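Residues per chain, in single letters:
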Amino acid sequence: MSNDKIKIAVMVSGGGTNLQALIDKQKSGVIASGEISLVISSNPNAFALERAKKAGIKNAVVSRKECSSQQEFEKKISSLLAENKIELIVLAGFMCILSENFTVKFPKRIINIHPSLIPSFCGKGFYGLHVHEAALAYGVKVTGATVHFVNEIPDGGEIIMQKAVEVEDGDTPQTLQKRVMVNAEWIILPQAVEKVSRELLESK
Ligand code: GAR
């Protein structure tokens, strides 16, 4: 087993509260087998970039809009990952789809956090607040978050961890989103990152 930590890239598009949870849990030692070496944002205005800068983490923007094709978008991301010798990719509020051409190159090396209990409220069109709107519209009494490996099926890869959260009377999509983040996402994403990093480290 090598003593080097697993080099992690976190891919983001927005506020970056899950990135912040990862940064905080790295500082507190919950994440010990991996190290966040790079943050890639698909959005130049994402607040997540400020969080990366404040933590002194190398960061880059690859804007989907500025790429003429999905292929070009993924090629730019792949180059950054290779340049930085990234071994594990964490999608933490990354709002772009990655094609099969990309995901097949990183089997069991891409993980994603999704704000529901998969297989409920997942797949195409279910992202961010829409997920909680759908959960409230359906009337479920329990929802939660899922961390899973990413493959060619949106939100369809093997589940790594899940945590349930109760829906409360009077919840709005916003109040439910916050409870799911605080009570599930910010806890299980760092735990899952450590688990996968440790397994990768042990298999080196
Ligand atoms: C989080 O709730 C995350 O689970 C969700 O977007 C939010 C990003 O927040 N991701 C998806 O819906 C992916 N399908 P953040 O930028 O503050 O971490």
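What counts and what doesn't
Residues numbered from 1 in each chain as written. Predicted model: local features only at pLDDT ≥ 70, side-chain atom pairs only at ≥ 80, totals over all residues. Heavy atoms only, no water. Pairing = 2+ DSSP bridges. Helix = DSSP H or I, 4+ residues; strand = E, 2+ residues; numbered from the N terminus. Axes fitted to C-alpha atoms, helices over the stretch in contact; angles between N-to-C directions. Contact = heavy atoms within 4.5 Å. Salt bridge = Lys/Arg side-chain N within 4 Å of Asp/Glu carboxyl O. Buried < 20%, exposed > 50% of the residue type's maximum accessible area, 1.4 Å probe, protein only.

Colleague: Kindly report on the sheet that holds strand 5 (residues 110-114), identifying the contributing residues and their values.
Modeller: Adjacent strands of a sheet pair through backbone hydrogen bonds, lying either parallel or antiparallel. Strand order in the open sheet formed by 7 strands is 3-2-1-4-5-6-7, with mixed pairing between adjacent strands. This sheet does not close on itself; its edge strands, each paired only once, are strand 3 (59-61) and strand 7 (159-166). The average angle at which neighbouring strand axes cross in this sheet is 20°, direction not considered. For strand 1 (residues 6-12) and strand 2 (residues 34-41), the ladder comprises 7 bridges, and the chain directions are parallel. Counterpart to Val10 in the pairing with strand 2 is Val39. In the packing of helix 2 (residues 47-54) onto the sheet, contacts are made with strand 1, strand 2 and strand 3, and the angle to strand 3 comes to roughly 155°.

Colleague: Before we move on, can you summarise the pattern of salt bridges with the specific residues and values?
Modeller: For the coordinates displayed, the defined rule picks out 8 salt bridges. One salt bridge in this structure joins Lys53 and Glu50, with 3.8 Å as the shortest N-O distance. Here Lys53 pairs with Glu50, and both are found in helix 2, just 3 residues apart, close to one helical turn. Taking relative accessible area as the criterion, Glu50 reaches 40% and is therefore assigned partly exposed. Lys76 is paired through a salt bridge with Glu72; the nearest N and O atoms lie 3.4 Å apart. Of this pair, Lys76 and Glu72 are both found in helix 3 (residues 70-83), 4 residues apart, which corresponds to roughly one turn of the helix. The class for Glu72 is partly exposed, based on a relative accessible area of 25%. Through salt bridges that share partners, Glu168, Asp171 and Arg179 make up one connected network.

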